[in-house]
Amino acid sequence: MKKGMNEKIKTASRHTNRNEGLIFERSSPHKRAFDLPPLDVPAADPEKALGKIHRSEGVEGFPEVSEIEVLRHFTRLSTWNFAIDLGMYPLGSCTMKYNPRVNELVARLPGIATEHPSQPQELSQGCFKILSLLEKCLLEITGMEAITLQPAAGAQGELTGLLLARAHHQKNGNPRKKVLIPDSAHGTNPATVVIAGYEVENIKSNADGQVDIAKLREQVTEDVAALMLTNPSTLGIFEQQIPEIAEILHSKGALLYMDGANMNALTGVTQPGRMGVDVMHLNLHKTFSTPHGGGGPGAGPVAVKKFLEPFLPIPVLMEKPDGKFALDYQRKESIGRVRAFGGNFGVLVRALAYILAYGPEVRLATEDAVLNANYIRKNLEGVYDLPYKRPSMHEVVFSDAIQKRRGVNTMDIAKRLIDYGFHPYTTAFPLIVPGALMIEPTESESKQECDYFIEAMKDIAEEVEKQPEIVKTAPHTTRVRRLDEVAAARKPILRWKPPEKHSGAAG
Amino acid sequence: MRYLPKSPAERQEMLASIGVKSIDELFSSIPEAYRLKEPLKLPGPFSEAEVVQYFEERANENSRGYTSFLGAGIYSHLRSVVTDTILQRGEFLTSYTPYQAEMAQGTLQAIFEFQTLMCQLTGQEVANASMYDGSTATTEAVLMAERLTGRQRVLVARSVHPEYRGVLRTYAKNSGLHVEELPFSATGTLDTNALKSALKDDVCAVVVQSPNFFGAMEELQPVAGMARRAGALLVVAITEALSLGLVKPPEEADIVAMEGQSFGLAPSYGGPFVGVIASREKYVRQMPGRLAGQTTDLEGRRGFVLTLATREQHIRREKATSNICTNQALCALAATVHLSLLGKEGIREMAEQNLAKAQFTLTELEKIPGVKRTFCAPFFNEFTVELPRSVKIVNTELLKSKIIGPYVLGSAYPEITKHALVCVTETTSRKDIERFVGALKDALLVPV
């Protein structure tokens, strides 16, 4: 009897117990959520106009709900998410910083959101000024000499950068065969190398987690097109020997590519352009605050030294003598386009808004980011194993070596952290640290948030000693717990299907 | 600075806790020679009001107040305020990629719904969580076909969007793929005789777009048959996704590569948009990008997780099906909300309005002496006309009436000068259509 009552409560109180189904499961024929203004021209007969390819029926299974149901459905779904607006994401190399809300307003302005890239250039000067100013700012920040804003994300920026390198090598008569990737690199690096038509050659890090100079000297030959270096490394440690690295590469005509994912440690304090970097990409959805949105959109501008400028993707923005801007498509040596239209303009607008808000004071953000990371490092040293002892910049990497002795690993600790109200840090990356806990607080966390995080991590470490089971079976407070990923992969269900009429089973 | 939640006193406390005297000491690992002695030369700092003012000024230097007849891969459609209301919820806007499923069920379920909607629309069995846009989705579809067939030749119709073909060429140059372009016939669609001659057993993919760049619907059945007999995969690109509200889905396609911008995303000077890849279940392990799958948790509750991750860069690294990491999740959410609002009846009605307005515009244009329709294949909301004089010159005249005229086809297709690609959507009023037709008629009478 009582069980029946609870089921009823569960069904009715969806907004409090978060028991929302799929939008398709709320559909009922002829419900509508959207009305169009009446047609002011004669109707056209689809069959007459399109012939046998016209759809005689509506899209099968498409939602049929009302406006309030759509709003409630997605509002309820949103409450199942963690977000920067709610609390800290200590995810290493993701730079989950505050997404300023004014950026959302300016990106939506009529006259900004409404523009079409094929419209006359004289009616696009506002857009060009935005692009030009962003280019200038990013060049100042990176200390590089030319830039493209076209790539849609960091990975696409990496590809663009490697294609630029290839074009340069090709011009010099030898396109070369391989790209060196440190074993601490982010997965997009080797994946990109292959798409660029090169072979991946791994280079092992030394005992300090830095590039092994002796190995580098051996491995750099005239078959090597570039080294893809993340600086600071994915351990959050500055590559001290970058002058030597650059020298070794350049002496054999190879290029130094910098993965700019960790620019949050460098902006305003130094410039990659001074360090011998030939080509680099930036992640605007990291250092430059554009929202992650659950997985994009992002943008991955690529900045280069002058000798690579002729190869930049078309079109290139240029300023004419009369001060107006135009797009230059006549670039014989360009690698071509990497995507249609200009780039993720809406994301570029947000990044510029962020830079304008900070101005020259953007260094303060970098300082606070490094301060937070070091504060957390200092207060968790000894509680968690610190495999690499060099100074940390904006992120710190611990390992689960101490906790492993009690049968608890980094995944378990991460899941328990959820019960304390935080999103997990990055687990199991970089690959050179087995059982890694990669922590990047960013500058957006107050001292209080950092203290809460430190306390939580300390409490969990104590739980590992005193009651490891509670950590191994975490999380305990979420709506769903330890979803079965093995089953999901073994028999993938990747879409909803209407229930079979005969079996009566729910979708 | 308002984005930094620390007081000077707190900074001092933290420095003391670390055991350093100043923040500069924390940067000691950067060689002295590299450390900047001066602040960067950047504009600002701007207060919030100044940030807004800067962009409002730029907004006034663009095309406000003009009526546009441009399509060519980006379409103006009605968007509900509800979509933005959802998108602006911090839990969606500021959340991370859903690797930690317990903390991202909102995002994951929304992706699952997106994947479902894309399958329903395209008639395919599986769709991913998004690619960057239609142009890269098309390219990745071709790379997928290469992996599936082991072949290296690609045949792509010239009636596919010029910028899409450009992206494909850039990617193909370095992957050993040979891309050949096939001409279009007098109907404005793929020349199937040319296809027949070019098809051999070394072709991995035949790429067509429907409606194509000229707005014309391609005849997919014969093309699919030819491709199949040669063992090649048919990739169908779609730039105007709304057409699927009124047109049969391309079930003949092996892979559909679609641009979803028409579903709730503003033109935004070219991006961000949302690419879609949809295909057969048997090809899923070669699909690029993220996939959300349904599963259950410890207590049997339905939930969603990212799945088949062994295809992806963070697991397989150099053996991944693609290098894609950050995709277009928030844009996919916009499309999901938009389509949920439009619904079964709304999407058809919106498509019908597009068809009606385009037909009406063509009828009116054909009344102007010297204006002829070209390419007689059926069209949805874009069509091609030939004018008695240069389209560029006509467009210059139209600007004086605050009208942005049709796309000049001659720029991308030098062999068809004086051809204009006209796009009309449900957002163009009859009044504006009549104004456009009148202005065009006048423009043709202006002495050159």
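Predicted model only: the values in this text are computed from it and were never measured.

To continue, consider the overall build of chain B. Looking only at helices and strands, chain B features 14 helices and 15 strands. In terms of its C-alpha atoms, chain B occupies a principal-axis envelope of roughly 85 × 55 × 50 Å. Expressed as a percentage of the 448 residues in chain B, the buried residues total 67%. Contacts spanning at least 24 positions in sequence make up 71% of the contacts within chain B whose residues lie at least 6 apart. Of the accessible surface of chain B, which amounts to about 14800 Å², a share of 51% is contributed by carbon and sulfur atoms. Across chain B, 48 positive and 50 negative side-chain charges occur, with their mean positions spaced 4 Å apart.

Moving on: the sheet that holds strand 12 (residues 436-439) of chain A. Strand-to-strand pairing in sheets goes through backbone hydrogen bonds, with the strands running parallel or antiparallel. Residues and elements named next belong to chain A. Within the open sheet, the 3 strands sit side by side as 10-12-11. Their pairing is antiparallel. Taken across any chain shown, the strands that pair with only one partner, and hence form the sheet edges, are strand 10 (396-399) and strand 11 (426-427). Relative to strand 12, strand 11 runs antiparallel, the two sharing 2 bridges. By the bridge assignment for strand 12, Thr427 is matched with Leu437.

Moving on: the environment of Met350(B). Structurally, the position occupied by Met350(B) is in helix 11 (residues 329-366). Owing to a relative accessible area of 0%, Met350(B) belongs among the buried residues under this scheme.

Attention now moves to the domain arrangement of chain A. All names here are of chain A. Considered domain by domain, chain A is made up of domain 1 (103-360) and domain 2 (361-490). A separation of 30 Å is found between the C-alpha centroids of domain 1 and domain 2. With 29 residues of domain 1 in contact, the opposing surface of domain 2 contributes 23 residues. Carbon and sulfur atoms make up 60% of the surface buried where domain 1 meets domain 2, a total of about 2200 Å² over both sides. Three residues, Leu235, Asn264 and Tyr358, lead the burial of domain 1 against domain 2; their summed loss comes to 27% of the area buried on that side. In this assembly, domain 1 and domain 2 are joined by 1 salt bridge. The partner of Arg390 in a salt bridge is Asp208, and the shortest N-O contact between them spans 3.4 Å. Summed over the shared surface of domain 1 and domain 2, the number is 12 residue pairs in polar contact (both at pLDDT 80 or more).

Residues and elements named next belong to chain B. Taken across its 5 residues, strand 15 (residues 419-423) has 5 buried, putting it largely inside the fold. Across the two faces of strand 15 the burial is the same, with His419, Leu421 and Cys423 and Ala420 and Val422 all buried. Sheet topology note: the strand 12 (residues 382-386)/strand 15 ladder contains 5 bridges and is antiparallel. Across the sheet, residue Thr384 finds its bridge partner in strand 15, namely Leu421. Bridge count for strand 14 (residues 407-408) against strand 15 is 2 bridges, and the pairing is antiparallel. Considered in strand 15, the bridge of Val408 is made with Ala420.

Our focus in this paragraph is helix 1 (residues 8-18) of chain B. By the burial criterion, the buried members of helix 1 of chain B are Met14(B), Leu15(B) and Ile18(B). Buried residues along helix 1 of chain B cover an arc of 100° about the axis, so they all sit on one side. For helix 1 of chain B, the secondary structure elements touched by its buried residues are helix 12 (362-380) and helix 15 (447-466) of chain A. The positive-phi residue at the C-terminal boundary of helix 1 of chain B is Gly19(B), with phi of around 100°.

In this section: helix 9 (residues 220-229) of chain B. Residues and elements named next belong to chain B. All of the buried residues in helix 9 are Leu220, Val223, Ala224, Gly225, Met226 and Ala227. Where helix 9 is buried, its residues contact helix 8 (192-198), strand 5 (203-209) and strand 6 (233-238). Within two residues after helix 9, Gly231 carries a phi angle of roughly 75°, on the positive side.

Our next topic: the state of the cysteines. One pass over the full model with this rule turns up 0 disulfides over all chains. Left unpaired, Cys119(B) is separated from the closest cysteine sulfur, that of Cys331(B), by 19 Å. Looking at the unpaired Cys423(B), the closest cysteine sulfur is the one in Cys127(A), lying at 19 Å.

According to the stated counting rule, one finds 57 salt bridges over all chains in the structure shown. For Arg416(A), the salt bridge is made with Glu463(A), and the minimal N-O distance between the two is 2.8 Å. Of this pair, Arg416(A) sits in helix 14 (residues 410-419) while Glu463(A) sits in helix 15, placing them 47 residues apart in sequence. There is no split in this pair, since Arg416(A) and Glu463(A) are both buried. Here the salt bridges do not stand alone but share partners, grouping Arg32(A), Asp35(A), Glu345(B) and Glu349(B) into one network.

Another point: unusual backbone geometry. Here the bond from Asn231(A) into Pro232(A) is cis, since omega is -5°, no more than 30 degrees from zero. Cis peptide bonds are those with omega within 30 degrees of zero, and the linkage from Gly296(A) to Pro297(A) qualifies with 10°. Looking at the element boundaries, Pro297(A) is found in the loop between strand 6 (279-281) and strand 7 (302-304). A positive phi angle, close to 45°, is found at Arg482(A), a residue other than glycine. With respect to the helices and strands, Arg482(A) occurs in the loop between helix 16 (468-472) and helix 17 (485-490). Since its relative accessible area comes to 26%, Arg482(A) is described here as partly exposed. Even without glycine at this site, Leu308(B) takes up a positive phi of about 50°. On the secondary structure map, Leu308(B) appears in the loop between strand 10 (302-306) and helix 10 (313-316).

Calculation criteria
Residues numbered from 1 in each chain as written. Chains lettered and ligands numbered in written order. Predicted model: local features only at pLDDT ≥ 70, side-chain atom pairs only at ≥ 80, totals over all residues. Heavy atoms only, no water. Helix = DSSP H or I, 4+ residues; strand = E, 2+ residues; numbered from the N terminus. Buried < 20%, exposed > 50% of the residue type's maximum accessible area, 1.4 Å probe, protein only. Contact = heavy atoms within 4.5 Å. Areas by Shrake-Rupley, 256 points an atom, 1.4 Å probe, with all protein chains shown as cover. Lys, Arg positive; Asp, Glu negative; His and termini not counted. Charge placed at Lys NZ, Arg CZ, Asp CG, Glu CD. Pairing = 2+ DSSP bridges. Domains from an automatic or database assignment. Buried area = accessible area lost by both parts, 1.4 Å probe. Salt bridge = Lys/Arg side-chain N within 4 Å of Asp/Glu carboxyl O. Polar contact = N/O pair within 3.5 Å; in protein donor to acceptor, adjacent residues only side chain to side chain. Arc of directions from axis to C-beta. Disulfide = S-S within 2.5 Å.

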